[in-house]
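# Residue-level structure breakdown
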Amino acid sequence: MIEQIIFYFFAAILIISASMVITVRNPVHAALFLVLSFFSSAAIWLLLEAEFLAITLVLVYVGAVMVLFLFVVMMLDINLAPLREGFTRYLPVGILVAVLMLLFMALIVSSDSFNLNQAEGIKHAADYSNTAELGLILYTEYLYPFEIAGAILLVAIIAAIALTMRKSKTLKTPKPEQQVAVKREDRVRLVKMESEKRDT
Amino acid sequence: MFEFIRNNLLSPFVGSLFPASIEVQALYTLDALIKIIVILIPVLLGVAYLTYAERKIIGYIQVRIGPNRVGPLGLLQPIADALKLTFKEIIIPSGANKKLFIIAPILSLAPSLAAWAVIPFNDVAVLADINAGLLYILALTSLAVYGIIIAGWASNSKYAFIGSMRAVAQIIAYEIAMGFALVGVLIAAGSLNLGDIVRAQDGSLLHWFWLPLWPLFIVFFLAGVAETNRAPFDVSEGESEIVAGFHVEYGGMAFSIFFMAEYANMMLISILTAIMFCGGWLSPFQGVPFLGEPSIIWLLMKTSFFLFLFLWFRATFPRYRYDQIMRLGWKVFIPITIVWLVVVSVLVVAQIPPWFD
Amino acid sequence: MTITAELVFIVPEITLLVLACIILIADTLHIEKHATLTYWLAQIALIVIIFLVLIDFPDESKRLFFGNFVSDSMSGVLKVSICAITICVFFYSYDYLKEHELIKGEYFVLGLFAVLGMMVMVSANSLLTVYLGLELMSLSLYSMVAMHRESQTASEAAMKYFVLGALASGILLYGISILYGVSGTLELPALSAYIEAQSGNNILLVFGLVFVIVGIAFKLGLVPFHMWLPDVYEGSPTSVTLFVSTAPKLAAFAMAIRLLVDGMGPMAGDWQGMLIILSVLSMAAGNIIAISQTNIKRMLAYSTIAHMGFFMLGIASATQLGYAGSMFYVMIYALMIMGAFGMVILLGRKGYEADNLDDFKGLSDRSPWFAFIMLILMFSMAGVPPFIGFWAKWFVLKEIIANGYIWLATVAVILSVIGAYYYLRIVKLMYFDKPQQMTAIKASQEMRFILSLNGLSLLFLGFMPGALMTLCIRAIGY
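Residues numbered from 1 in each chain as written. Chains lettered and ligands numbered in written order. Predicted model: local features only at pLDDT ≥ 70, side-chain atom pairs only at ≥ 80, totals over all residues.

### Focus: the overall build of chain C
- What chain C contains, in helices and strands, is 21 helices and two strands.
- The globule rule puts the C-alpha radius of gyration for 478 residues at 23 Å, and the 21 Å found for chain C is close to it.
- With respect to the three principal axes, the spread of C-alpha positions in chain C is 70 × 60 × 40 Å.
- Taking all 478 residues of chain C together, 58% fall into the buried category.
- In chain C, the share of contacts with a sequence separation of at least 24, taken over all contacts with a separation of at least 6, comes to 79%. (Helix = DSSP H or I, 4+ residues; strand = E, 2+ residues; numbered from the N terminus. Rg over C-alpha atoms; globule rule 2.2 N^0.38 Å. Buried ≥ 20, exposed ≤ 12 C-beta atoms within 10 Å, placed from the backbone. Contact = placed C-beta atoms within 7 Å.)

### Remarks on the overall build of chain B
- Helices and strands together make up the secondary structure of chain B, namely 12 helices and zero strands.
- Moving toward the C terminus, one meets the helices and strands of chain B in the order α-α-α-α-α-α-α-α-α-α-α-α.
- In terms of overall size, chain B behaves like a compact globule, its C-alpha atoms giving a radius of gyration of 22 Å where 357 residues would be expected to give roughly 21 Å.
- Seen along its three principal axes, the alpha-carbon backbone of chain B occupies a region of about 60 × 60 × 40 Å.
- Residue burial in chain B is summarised as follows: out of 357 residues, 43% are buried.
- Contacts in chain B between residues far apart in sequence, at least 24 positions, make up 76% of those at least 6 positions apart.

### Thoughts on unusual backbone geometry
- Look at the link from Val223(C) to Pro224(C): it is a cis peptide, with omega at 0°.
- Relative to the assigned elements, Pro224(C) resides in the loop between helix H9 (203-220) and helix H10 (228-235).
- Each neighbour pair has its own omega, and for Pro385(C) with Pro386(C) the value is 5°, a cis peptide bond.
- You can see Pro386(C) is positioned in the loop between helix H17 (368-382) and helix H18 (388-402).
- Of note, the phi angle at Leu73(B) is positive, near 60°, even though the residue is not glycine.
- Mapped onto the elements of the fold, Leu73(B) is located in the loop between helix H2 (20-61) and helix H3 (77-86).
- Backbone geometry at Ala318(C) places phi at a positive 55°, although glycine is not the residue there.

### Some details on the arrangement of the chains
- With two pairs of chains in contact overall, the greatest share of contacts is found between chains A and C.
- With no contact formed, the shortest span from any C-alpha in chain B to any C-alpha in chain C equals 14 Å.

### Remarks on the interface of chain A and chain C
- In this assembly, 21 residues from chain A lie in contact with 33 residues from chain C.
- Elements with a contribution of two residues or more to the side of chain A that touches chain C: helix H4 (87-109) and helix H6 (143-164) of chain A.
- Top contributing element to the side of chain A that touches chain C by residue count: H6(A), with 13 residues.
- Across the side of chain A that touches chain C, the residue classes tally to 16 nonpolar, three polar and two charged. (Nonpolar A, V, L, I, M, F, W, Y, C, P; charged D, E, K, R; others polar.)

### Section: the environment of Ala114(B)
- In this fold, Ala114(B) is placed in helix H4 (residues 98-114).
- Taking the C-alpha atoms as reference points, Ala114(B) and Gly74(B), separated by 40 residues in sequence, lie 31 Å from one another.

### A short note on the interface of chain A and chain B
- The interface is formed by 17 residues belonging to chain A together with 17 residues belonging to chain B.
- No other element matches helix H3 (residues 51-76) of chain A, which puts 13 residues into the side of chain A that touches chain B.

### A look at the packing of H17(C) against helix H19 (residues 406-432) of chain C
All names here are of chain C.
- Where H17 contacts H19, the two axes come as close as 9 Å, and the packing angle between them is 170°. Judged on the interaxial angle alone, H19 and H17 are roughly antiparallel. For the pair formed by H17 and H19, the contact residues are Ala-371, Met-374, Leu-375, Met-378, Met-381 and Ala-382 on the first element and Gly-419, Ala-420, Tyr-423, Leu-424, Ile-426, Val-427, Met-430 and Tyr-431 on the second.
- Counted by class, the contact of H17 with H19 contains 13 nonpolar, one polar and no charged residues. (Axes fitted to C-alpha atoms, helices over the stretch in contact; angles between N-to-C directions. Parallel < 35°, antiparallel > 145°, perpendicular 65-115°, else oblique.)

### Some thoughts on the environment of Leu222(B)
- Residue placement: Leu222(B) occurs in helix H8 (residues 214-227).
- For the pair formed by Leu222(B) and Pro232(B), sequence separation is 10 residues and the distance between their alpha carbons is 9.9 Å.

### Describing the nonpolar core
- Leu112(C), Leu116(C), Met121(C), Leu136(C), Val145(C), Ala251(C) and Met374(C) are the most contacted members of the largest nonpolar core, which has 201 residues in total.
- In terms of residue count, the dominant contributor to this core is helix H15 (residues 320-347) of chain C (22 residues).
- Contact partners of Ala251(C), with chain neighbours within four places excluded, come to Ile82(C), Met118(C), Met121(C), Val122(C) and Met137(C).
- Counting 121 residues, the second-largest nonpolar core is a separate cluster that includes Phe101(B), Trp116(B), Phe121(B) and Val168(B). (Core = buried A, V, L, I, M, F, W, Y, C linked by C-beta atoms within 7 Å.)

### Description of the packing of H3(A) against helix H6 (residues 158-189) of chain B
- Direction vectors running N to C along H3(A) and H6(B) enclose 150°, while the axes themselves pass 11 Å from each other. In terms of axis orientation, H3(A) runs roughly antiparallel to H6(B). In this structure, H3(A) crosses over H6(B), and the sense of that crossing is left-handed. For the pair H3(A) and H6(B), the contacting residues are Ala64(A), Val67(A), Leu68(A) and Phe71(A) in the first and Met165(B), Val168(B) and Ile172(B) in the second.
- When the residues that make up the contact of H3(A) with H6(B) are grouped by side-chain class, the tally is seven nonpolar, no polar and no charged. (Left-handed = near helix turned anticlockwise from the far one by under 90°.)

### So, the confidence of the model for chain C
- Per-residue pLDDT for chain C averages 88, and the proportion of residues at 70 or more is 99%.
- With a pTM of 0.87, the predicted complex shows an ipTM of 0.90. (pLDDT = per-residue confidence, 0-100.)

### Focus: the confidence of the model for chain B
- When the pLDDT values of chain B are averaged, the result is 83; 94% of them are 70 or greater.
- At the low end of the mean pLDDT range in chain B sits helix H1 (residues 2-17) of chain B, at 50; at the high end sits H8(B), at 90.

### Description of the environment of Leu179(C)
All names here are of chain C.
- Mapped onto the secondary structure, Leu-179 falls in helix H7 (residues 152-183).
- The class of Leu-179 is buried, set by 28 C-beta atoms lying within 10 Å.
- For the pair Leu-179 and Val-206, spaced 27 residues apart in sequence, the C-alpha to C-alpha distance is 9.1 Å.
- Apart from the residues within four sequence positions on either side, Leu-179 is in contact with Leu-127, Leu-191, Leu-205 and Gly-208.

Here is the structure:
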């Protein structure tokens, strides 16, 4: 019973924060509400004994992606007012899409393969490790897709660097390794001059 | 002790109020609460006296005496500081985002305290003995930055904002190196559970992971120094450049919470280094009678040593320039960790004694 | 078989990935102005891959890696063709990029990764691998389009391509998730078996199918999901247009076959109708709008839409011969469009893109030989016998007539005749108009040679289409 209370508690937070993401005026607040909704979905995952997914969600999305997101949102100072102008105009389409998606979800979840009729979820033994199980399946059954996903991420890195890194021709940067390697002879020239006689 | 409380003191009391099934859960919760208090009070006391230690140690390094007025040897100084900060007014700057301004210090302290839940103090004493302990630690340490970002943004002040921007870039950079270092530990120990990681180091001083994972050990600790925004990586505070960085607008209790979070984080990083690379509660003299016994005292001694390093760094090194910090993080630490991951994997697969046989 | 034993079958993919990474590192370490080393290493890598596929050419269908990967003759033929086409594309690109000072080692590395994505798509045996291969390919292509940072049109094209491509991927993924949710399997043959067993009309499966087809249509650029195509073709550097318009079409063909035939074969009755509508719309819109274009890259984009419509007819016939006809069509199409964009590259020079129809005016005075090559290309695209383009159309038409869609064949022929107008207009411009400029064509000897070979191959293949067709039929027939 307590599990259910916890579930509904986090589900409520998830729904409220998710709707706040799209309704609040301030983009920074919206981003922070998104963080909150990630958190509550992580909590729901924990209830499903999927601790690896839950913690990874927090680690990757909350700990890295959203931090960078906030970084950009704070720097850009976006004015959301113009973005909202079409709200009422697009509302019917939005509602239609939402209803359709809801319908699909209901239909699929009620189809045979989900088997909602069974009363209890599968309970695992106390020594069940979600992380180990996931690791096992990722490196056997899904080895091939997993490696391709790695290649996709590599392409993303290459593309991001290739598209953003440009060497400005006018930019002058110090090169520490050269600065350190400088010897006295490079900078100082000792000049020996004959002393000259003063014109008298 | 918990058994005793459960059987004699609480059970008749709880049993009369709730049905039996809830009783078990209520007792479980109560048990967890007591454990939390037992862990948190020493941590907070440790934070208070770490500030004292810092002032004393840096004082001696700089040939001064440090605090010596309040109480014998100045030992009551932290209490006096705490009292002073508690009674100061919290000023909320005009134009600040009030809600976030108040939430920010809380967000900064909460993760650094929550992370202590999975820290094992000896073979059995751990609040939550979960499988994914290492991941949990990583996730929570990565959250600490939120307090800083929000504080910088909500203050509506240029210096604070610059501080928080610096903190974000720095923490993102060093978190990756830190994560990779932890992956190395994970490969070496074959488990994400912190207790199992310590048990995997069982043996003598040479069995501990600091030896096979030497570069990761160094990278982890230095990345930890950077993650806690301590000198020489304290650019987000940088009192000589941007006054006090992200918490320039904070005063009184709000400021002291940031302070506590920073010191709690330092203690966390130190105890993690001790657990993951230096054998946790294991004794360096294993096999010797009495001295060889594993004990929490060993853990605390190792932790204190790393805390001392934190203070020593601060007294010794000048602050890094910002681009040098980024360079060190991205171009030095991350490549080192990646290379060493390959080495560790080879060591593990080849079952090199004495660590991986 | 254990996973280790199965690795033998993905040696080409593994090699390509490893070589691409090595080339990337070599590119960063070896800095030079024209990325010559990277270019040659990329070419060598592709040749090695062709060699590796040919050595162990799959002659029977094998499903490996827990049903994620399939190795069959179709995948073998397509992999070899993709690599061969990419070699030519890199060849044309290298001259173009050097001339326009766009050259960067990453161009070739990303190209190799795109080829890897195509190879994954070609031998995908599960919904997951189809999607991942598609993403790997698309991501590389997006960034290749965006590589010309100074050009506003290129950035705009990249943005459109990326946003609409991501939307298409999202739609495809939604369809895939519906199919997975209903059937509980990601493997294509298992999905097919599930649909077979259902036998009734499961509305959810149809919905899943619709989303999948919309996703495919987006990627192929079929009307009404073609909006991105003309802008991307026009906006990107010609070398990238060349790449986007050739090899990925083969991969898209494979994706359509894998998803529709392997995965949802028993639903052929459902998807046939949808494909016919899409292809008729594409042929009509593509051919008619192309007439009013003055920019040759844009014109070729609309011609692509029309060709893709035509090629879809073969799949819509839902017979083995139809698929073979489509495969034949798409390979020939890749050859033709490669030559056409090769001509655009050939006529361009430093700081000048020959992408207007006017640039072709009086080409026969400037260079009779290349005017002739362009004539072959245009006749072939228009489907004039005896050029190979005619046979490509003929095989597809024969198959849809054999299946009783005589009206469809009639419509296709009428629309092709309309389309012939704008191809022949170029021929008219080349031979009967006065040239606007008399600058000599500046291109390397190798470029001239390969382009001539490209054009002449269409002529020679036109005299003996049988061999290639037999190859396609055997490849499809597993």
